[in-house]
Structure formats: C-alpha cells, structure tokens
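# Coordinates in review
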Amino acid sequence: MSQDAVRTLPLVEVEDVAAGTYWLRFALPAGLDCEPGHFFMLSAPSAGGAATMGAPFLGRPLSIGDVAGGRLHFLVRALGRATAWFRSLPSGTPLRLVGPLGRPFALPERPVHRMVAGGIGLAPFFYLARRLRHRQPAARIELLYGERTADAHARLAGPERDLFDLVERCTDDGSLGQPGTVVGMLDGPFEDAGAAWYACGPQPMLRALAARLESMGVEGAQFSLEERMACGFGVCQACIVPRRDPPPAYRLLCMEGPVVDPREVAW
Ligand SMILES: Cc1cc2nc3c(=O)[nH]c(=O)nc-3n(C[C@H](O)[C@H](O)[C@H](O)COP(=O)(O)OP(=O)(O)OC[C@H]3O[C@@H](n4cnc5c(N)ncnc54)[C@H](O)[C@@H]3O)c2cc1C
Ligand code: FES
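Residues numbered from 1 in each chain as written. Chains lettered and ligands numbered in written order. Predicted model: local features only at pLDDT ≥ 70, side-chain atom pairs only at ≥ 80, totals over all residues. Heavy atoms only, no water.

## Regarding the side chain of E142
What counts is decided by this rule: Strands are runs of DSSP state E lasting at least 2 residues, helices are runs of H or I lasting at least 4, and numbering of each runs from the N terminus. The classification of residues rests on relative accessible area computed with a 1.4 Å probe and restricted to protein chains. Under 20% of the type maximum is buried, over 50% is exposed, and intermediate values are partly exposed. In protein, a polar contact means a hydrogen-donor-capable atom and an acceptor-capable atom, both N or O and within 3.5 Å, with residues adjacent in sequence counting only if both atoms are side-chain atoms; elsewhere, any N or O pair within 3.5 Å suffices. Contact definition: two residues touch when any of their heavy atoms are within 4.5 Å.
In this fold, E142 is placed in strand β9 (residues 140–147). The exposure class of E142 is buried, given its relative accessible area of 5%. At 2.7 Å, the side chain of E142 and the side chain of R114 are in polar contact. Residue contacts for E142: discarding those within four places in its chain leaves V112, H113, R114, M115, L166 and F190.

## Considerations on helix α1 (residues 81–88)
For the record, the criterion: Arc, as used here, means the arc of the directions from the helix axis to the C-beta atoms.
The set of residues buried in α1 consists of A82, T83, W85 and F86. Angular distribution of buried residues about the axis of α1 spans 155°; they occupy a single face of the element. The outward face of α1, more than 90 degrees from its buried face, is lined by the exposed residues R81 and S88.

## Focus: the site of ligand 1
Quick note on the threshold: Any residue with at least one heavy atom within 4 Å of a molecule or strand is counted as near it. Where accessible areas are quoted, they stem from the Shrake-Rupley method and a 1.4 Å probe; at the residue level, only the protein chains shown are allowed to cover.
Close contacts around ligand 1 come from 20 residues, with P61, L75, R77, A82 and T83 the closest. The contact in question runs from an oxygen atom of ligand 1 to an N or O atom on the backbone of R81, over 3.2 Å. Summarising the interface, the protein chains cover 78% of the accessible area of ligand 1, which totals 880 Å² for the free molecule. The biggest single contributor to the shell around ligand 1 is strand β4 (residues 60–63), with four residues.

## Topic: the domain arrangement of the chain
Selection rule: Start and end positions for the domains come from either an automated domain assignment or a database one. Using a 1.4 Å probe, buried area is obtained as the accessible area two parts lose upon being combined, added over both of them. A pairing counts as a salt bridge when a side-chain nitrogen of Lys or Arg comes within 4 Å of a carboxyl oxygen of Asp or Glu.
Split by domain assignment, the chain resolves into domain 1 (3–101), domain 2 (112–221) and domain 3 (225–267). Centre-to-centre separation of domain 2 and domain 3, based on C-alpha positions: 23 Å. If you look at the interface, domain 2 gives nine residues, while domain 3 gives seven residues. Carbon and sulfur atoms make up 55% of the area that domain 2 and domain 3 hide from each other, which totals about 790 Å². Our count for the contact surface shared by domain 2 and domain 3 stands at one salt bridge.

## Points about the sheet that holds strand β6 (residues 71–77)
For clarity, the cut-off: What makes two strands pair is DSSP finding at least two bridges between them. With axes taken as lines fitted to C-alpha atoms, and helix axes fitted only over the stretch in contact, angles between N-to-C directions fall between 0 and 180 degrees.
With antiparallel pairing, the seven strands of this open sheet are ordered in space as β4-β3-β7-β1-β2-β6-β5. The two strands at the open ends of the sheet, each matched to only one other strand, are β4 and β5 (66–68). Adjacent strand axes in the sheet meet at a mean angle of 40°, parallel and antiparallel pairs treated alike. Relative to β6, strand β2 (residues 21–27) is paired through seven bridges, and the arrangement is antiparallel. Residue pairing in the sheet places R25 in a bridge with H73 of β6. Packed onto the sheet, α1 meets β1 (6–18), β2, β3 (39–43), β4, β6 and β7 (94–101) and runs at close to 65° relative to β2. Across the sheet, helix α2 (residues 125–135) touches β2, β5 and β6, and the angle it forms with β5 is around 55°.

## With respect to the sheet that holds strand β13 (residues 222–224)
The strand order across the open sheet formed by seven strands is β11-β10-β9-β8-β12-β13-β16, and the pairing between neighbours is mixed. Each of the sheet's edge strands pairs with one partner strand only, and the pair in question is β11 (178–179) and β16 (259–260). The pairing of β13 with β16 spans two bridges and is antiparallel. Residue F223 lies in a different strand from β16, and its bridge partner there is V260. Packed onto the sheet, helix α4 (residues 203–216) meets β8 (112–118), β12 (196–200) and β13 and runs at close to 165° relative to β12.

## Some points on the nonpolar core
Our working rule: For the purposes of this section, nonpolar cores are sets of buried Ala, Val, Leu, Ile, Met, Phe, Trp, Tyr and Cys residues that join through side-chain atoms within 4.5 Å.
Core analysis: the largest hydrophobic core is formed by 35 residues, its most contacted members being W197, L209, L213 and F223. Among the secondary structure elements, those contributing two or more residues to this core are β3, β7, β8, β10 (166–171), β12, α4 and α5 (253–256). No other element matches α4, which puts six residues into this core. Leave out the neighbours within four places in its chain, and F223 touches A199, L206, L209, A210, L213, P258, V259, V260, P262 and W267. Residues L122, F125, A154 and Y198 belong to the second largest nonpolar core, which totals 25 residues.

Right under this line is the structure:
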C-alpha cells in the first residue's frame, strides 16, 4: 500500500436516507483513481483530541458508494460503534481514509446488468451503475433491492434513481414492494442467465442467491462479500473466506476480494 493511499479528509455532509442509513460525503480528492467495488478503511485521524472522542481504535471498511458532483460518497448503515460514531460527526470533522483497496467489479459488455442488493448491500451499486451508464450507454441497468421492512428502504431520488432503468423493491414483511426476499424476486422476468449479475448483502442472502444463479446456469456473477477487517491490506489475516476448490483453502477477502465469483466460495 502506498503513502498516497492514506488521506485525511474533512467530512462535508451527512444525509439520512432511511431509518439508520445515511450518506457520508467528502470532497473528492484530486487525482483519486477508484473503481466500483473498491473500498476504503475509515477511522479517526489519530488518537487523542476532540475529533476522536468516542472513535473506535480500528478503521472500518466501507465500499465506495458513489463518485459524483465533486464528492466521494459512502452509504452507511449504523450497526455498532463506528457506524454510529460516523453518523454523529459534524461537518468539517477530519477522518482518515485509506484506499482505494481490494479487487473491484469487472464491467463486462452485456445488454442487461442486474444488481441484487440486500440491505446495506445497496451501497456499491450507485457507482457501478454510473460507470456502466458511461461505458455502455445502451445497456439496461436493473436494481433488485430488498430490506426487512419499509422504513429501512433507502430513499432513491432524482439523479440516484435515474442511474437505474428499473428498481424493484421487496420487504420480508410485505410492507413495501413485493413480499419476500430479494432472491424470491428472481422467479419470472428476472430468470435471465444472459445478464451480467452483481450482488451484495448479508451472507444468507448471498448463499441462497449463489445456489439460485448456479441452478440457472449463470456464469461470471460478481458478489461483493463482507468479513470483519482490521487492516484492509493483507497484514492482520482477519478476513479469510473459505474457497470451494483448494488449494489454497482460504483467500484474504481484502486482497482477493471483496468482489469474487460466487462459484469459488465454500458457502
Ligand atoms: C469490503 C467491505 C465493504 C463494506 N461496505 C460497507 C458499506 O458501504 N456500508 C456499510 O454500512 N457497511 C459496509 N461494510 C460493513 C461495515 O464495515 C460494518 O458494518 C462495520 O464495520 C460495523 O462497524 P461498527 O463499529 O459500527 O459495528 P461493530 O460494533 O463492530 O459491530 C456491530 C455488529 O455488526 C456486526 N458486523 C461488524 N462488521 C461486520 C461486517 N463486516 N460484516 C458483517 N457484520 C458485521 C458485528 O458482528 C456486530 O453484530 C463493509 C464491510 C466490508 C468488509
Ligand atoms: S483485513 Fe487484514 S488481512 Fe484482510
């Protein structure tokens, strides 16, 4: 990892988009070269001082949510200590960002690109859709997005909504969109093995989706996985994911992911 990958950036804005979910925005650093699927480790700039009160010691990985309007955006769900702390910060607070890290999404040439998001797994798909729009203007970009309840569904307004040709929502409790899980949405019009498939979400959803796509004969799907990460660049060995076909039996998700082919994972 080069020194250029470490930056201290002032927080520009926090915007709530659903219960417990918010955009965290920074001014885009000059010369930043990042791809959809890359992630950053975010933390307090250093120990001590007012800006670090309540900050966790270790950084937390966040996918690049979007790069637009001269800003670097992260879509975050408040789950625990760090993600609640980020939400509490006033504009201007400096944060340490290390990245871009990891292996990003490939952008295959296809007529249809279908993104399957469970919960905060929505985060990487705005920038992915933006890049695909730019590179393949005639392609159709679809988002299948599921949450447990209606109040957890992120608001998608104006330019964010316009990145997608289709947005289909579902909820586990049927309070918004189709009732059931996002994997259940695949029955019918979305049983199209020829699309480029992308997914991000909780492990049980990804496991079920991997089995479903395999049964449909889909090749080359790309899943963005999550594991606990302490460093983000291959040192701590915290982020191991078992492989289906050893050797080696494991991969480090921060270096060989987070984007992986689901057929290579021992779910
Ligand atoms: C490559 C990568 C990209 C990510 N991108 C995003 C993103 O764009 N937006 C976003 O909101 N989150 C993202 N995450 C998850 C985010 O890093 C965790 O939610 C965050 O670390 C939780 O920190 P915390 O201190 O708030 O929670 P903690 O207090 O550390 O934990 C709270 C709860 O969340 C669970 N948890 C913590 N980290 C993870 C994890 N990585 N996976 C599953 N469960 C976890 C814990 O087991 C615990 O139950 C990403 C994770 C990875 C690995
Ligand atoms: S997060 Fe430290 S090795 Fe992957």
